[in-house]
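# Coordinates in review
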Amino acid sequence: MDCLFCRITNKEISAEIIYEDKDTVAFLDIHPCAPGHSIIIPKKHAENILVLEDASIAPTFLTVKRVSAMLNVALKPSGFTIGINHGRMSGQVVDHLHIHVMPRFLNDGGASIHSV
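Scoring rules and cut-offs
Residues numbered from 1 in each chain as written. Predicted model: local features only at pLDDT ≥ 70, side-chain atom pairs only at ≥ 80, totals over all residues. Heavy atoms only, no water. Pairing = 2+ DSSP bridges. Helix = DSSP H or I, 4+ residues; strand = E, 2+ residues; numbered from the N terminus. Axes fitted to C-alpha atoms, helices over the stretch in contact; angles between N-to-C directions. Contact = heavy atoms within 4.5 Å.

Spatial strand order, S1-S2-S3-S5-S4: 5 strands in an open sheet with antiparallel pairing. Every other strand in the sheet has two partners, leaving strand S1 (17-20) and strand S4 (79-83) as the edge strands with one partner each. On average, each strand axis in the sheet is tilted by 20 degrees relative to the strand beside it, whichever way the strands run. Note: S1 against strand S2 (residues 24-28), 3 bridges, orientation antiparallel. By the bridge assignment for S2, Ile17 is matched with Phe27. Along the sheet, helix H2 (residues 54-75) makes contact with S1, S2, strand S3 (38-42), S4 and strand S5 (99-104), crossing S5 at roughly 20 degrees.

Right, dumping it as structure tokens:
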């Protein structure tokens, strides 16, 4: 398998890793939409949330919470947009489940996920 995110997990490709535990990795997005824009992935490959093993859901979303808390302390944003692009139509580019955590700041020009 030639999955970009699996290669990051296996340390075959470098990334700015900001958190890692036995089940997950969090790293800064290479093309950030905001300062601190981070990506959280399960270490075990799953293309999307529908095929992610149930046992991996809690650790993955616990990491989303932990990374959000870290970014909240470090950057003091006004809020966060947290989301998953599921499938090509939604903008998923890498076929490995990943959750975006984007710090939001007053007048940053972003919009809610309801702006689609």
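Having seen the model, we can carry on.
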